[in-house]
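One letter stands for each residue in the lines below.
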Amino acid sequence: MRQEPDISQSTSRASHVHRLLTLAIAAAGAALFWVFELPLPFLFGTMTACLLAALVRLPLASLPVASKLARTVLGVAVGASLTPELMVRLPQMLGSIAFVPLYVAVMGAVGVPYFHRLLKYDFATSYYSAMPGGLQDMLVFGQEAGANLRALSLIHATRILLIVTIAPIVISMWFNVPLTRPTGAPVADIPIVELALMAAAAIIGWKGGERIGLFGATIIGPLILAGVLSLTGLIHARPPALAIQAAQFFIGVGVGVGYVGITLYEIRRDVLAGAFYVVILAVLALIVTGIVVHLGFANPLDGFLAFAPGGQAEMTVLAIVAGADLGFVVVHHLLRVILIIAGAPLVGAMIGLSKRTATEPGGGK
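No experiment lies behind these values; they were computed from the predicted model shown.

(A) Representation of the packing of aromatic side chains. All chains considered together, the criterion is met by eleven aromatic pairs. For the pair Tyr114 and Tyr277, a centre-to-centre distance of 5.8 Å together with 15 degrees between the ring planes defines the contact as stacked. With Tyr114 in helix H5 (residues 99-118) and Tyr277 in helix H12 (residues 264-294), this pair connects stretches of sequence that are 163 residues apart. For the residue pair Tyr114 and Tyr277, the accessibility class agrees, reading buried in each case. Here the aromatic rings of Phe249 and Phe250 are separated by 5.1 Å at their centres, their planes lie at 80 degrees, and the arrangement is edge-to-face. Residue Phe249 is classed as buried on the basis of its relative accessible area of 13%. Linked through ring pairs, Tyr114, Phe115, Tyr121 and Tyr277 together constitute an aromatic cluster. Here Lys207 stacks its cationic end above the ring of Trp206, 4.2 Å away from the centre of that ring. One residue, Arg269, lies across the ring of Tyr121, its end atom 4.0 Å from the ring centre.

(B) Representation of unusual backbone geometry in the model. Not every positive phi belongs to a glycine, and Lys120 is a case in point at roughly 65 degrees. Along the chain, Lys120 falls in the loop between H5 and helix H6 (123-130). Even without being glycine, Asn176 reaches a positive phi, approximately 55 degrees. Along the chain, Asn176 falls in the loop between helix H8 (149-173) and helix H9 (192-211).

(C) Spotlight on the environment of Glu144. As for its placement among the helices and strands, Glu144 is situated in helix H7 (residues 135-145). Between the C-alpha atom of Glu144 and that of Val331, which follows or precedes it by 187 residues, the distance is 29 Å.

(D) Expanded view of the pattern of salt bridges. Applying the stated criterion across every chain yields a total of five salt bridges. Measuring nitrogen to oxygen at the nearest pair gives 3.9 Å for the salt bridge that ties Lys207 to Glu210. Taken together, the residues Lys207 and Glu210, both in helix H9 and three residues apart, mark about one turn of the helix. In this structure Lys207 comes out as partly exposed when scored by relative accessible area, which is 46%. For Glu210, a relative accessible area of 36% corresponds to the partly exposed category.

(E) Here's a closer look at the layout of surface pockets. The volume enclosed by the largest pocket comes to roughly 1,000 Å³. For the largest pocket, the lining is made up of 39 residues, of which Ser67, Arg71, Leu135, Gln136 and Thr218 are closest to its centre. Elements with a contribution of two residues or more to the lining of the largest pocket: helix H3 (64-80), H7, H8, helix H10 (217-231), helix H11 (241-257), helix H14 (312-322) and helix H15 (326-350). Here the residues of the lining of the largest pocket are counted per class, giving 18 nonpolar, 13 polar and eight charged. Here the second largest pocket defines a volume of roughly 320 Å³. Lining the second largest pocket are 17 residues, with Trp34, Leu40, Pro41, Leu179 and Thr180 positioned closest to its centre. Of all the secondary-structure elements, those providing two or more residues to the lining of the second largest pocket are helix H2 (41-55) and H11.

Calculation rules
- Residues numbered from 1 in each chain as written.
- Predicted model: local features only at pLDDT ≥ 70, side-chain atom pairs only at ≥ 80, totals over all residues.
- Heavy atoms only, no water.
- Phe/Tyr/Trp six-rings, centres within 6.5 Å; stacked < 30°, edge-to-face > 60°.
- Helix = DSSP H or I, 4+ residues; strand = E, 2+ residues; numbered from the N terminus.
- Buried < 20%, exposed > 50% of the residue type's maximum accessible area, 1.4 Å probe, protein only.
- Lys NZ or Arg CZ within 6 Å of the ring centre and 35° of its normal.
- Salt bridge = Lys/Arg side-chain N within 4 Å of Asp/Glu carboxyl O.
- 1 Å grid on protein atoms, 1.4 Å probe; cavity = no way out; pocket = protein on both sides within 12 Å on 5 of 7 lines; lining within 4 Å.
- Points joined across faces, edges and corners; volume = space filled by probe spheres on them.
- Nonpolar A, V, L, I, M, F, W, Y, C, P; charged D, E, K, R; others polar.

Here it is as structure tokens:
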């Protein structure tokens with residue numbers, strides 16, 4: 001009697017091969033950037049290599065667990081920057097913090113008509129494409145509202161990709177700041193008790209956050225626990241350099257792999273839509289930054305990074321390597337993310353978004 005082939009085993013083997021190929025390509029990209037002394041090799045090298053591999057349709061695979069672990073590391077890094085000294089300084093930041101809600105509102109007021117009226121995406125896709133929050137959070141909200149998830153994913157991936165690519169150029173050439181600051185101390189320089197506490201904050205914050213339904217749990221959960229540890233004096237440093245470099249590696253992989261399977265139509269429609277929206281966001285960000293700096297609420301570098309509409313994880317990395325005031329930058333990004341995560345679904349419900357679907361005319365195909 002002939003035995004039928006085990007399709008599940010074949011699929012599993014293929015998935016492992018695709019993951020190994022992804023890691024090999026990412027490592028090669030990081031190595032090339034390192035050899036040629038290009039900036040942020042562990043982030044840009046992996047991101048560029050995986051992006052190019054995705055565009056030539058190599059069978060890459062996402063690494064969801066590694067990506068989540070990477071974000072927990074950056075969550076701990078952000079939480080460790082919430083020191084008692086920063087809390088004392090919070091009242092001094094209120095002037096620039098006050099611009100964040102206005103900034104978010106203007107982005108929505110400009111972005112929704114751009115996607116809906118001009119580009120003819122359905123309203124749900126337009127609404128959540130215009131909100132520069134976390135990619136996964138916007139996909140969750142978009143799915144509930146009936147948005148086109150593939151278009152939504154590509155638009156946000158393009159936003160993150162372009163901002164992460166352009167921001168370092170601006171920092172290096174405009175602000176004349178080298179991106180060479182150490183990402184963290186060597187492992188050997190951090191007490192083992194503090195390393196254990198950081199690891200516990202990362203895992204417990206992530207899993208505990210998911211258990212209670214916390215949006216952005218992979219970053220926000222560890223951030224909260226690490227912040228408590230930092231404010232109570234139990235930890236005194238960011239995660240070691242090796243951990244932050246590994247986090248950059250897997251975040252870069254995640255951005256590049258987001259383009260796997262992309263078609264020429266999607267490039268012309270969704271990627272270009274996202275790219276032009278980045279130009280709009282950049283203009284808004286520069287206007288707000290200019291006002292905040294002119295009023296004396298921030299220095300130019302900190303203001304630029306605080307209002308750059310990139311992903312929280314990626315902006316954290318840039319703030320660290322640029323030697324910016326991480327606490328200042330983080331407070332503004334946290335408020336933006338919280339406003340979008342808390343406000344986007346509420347405003348959506350108020351305007352009846354939950355009743356709309358992506359099958360409306362012009363539904364973002």
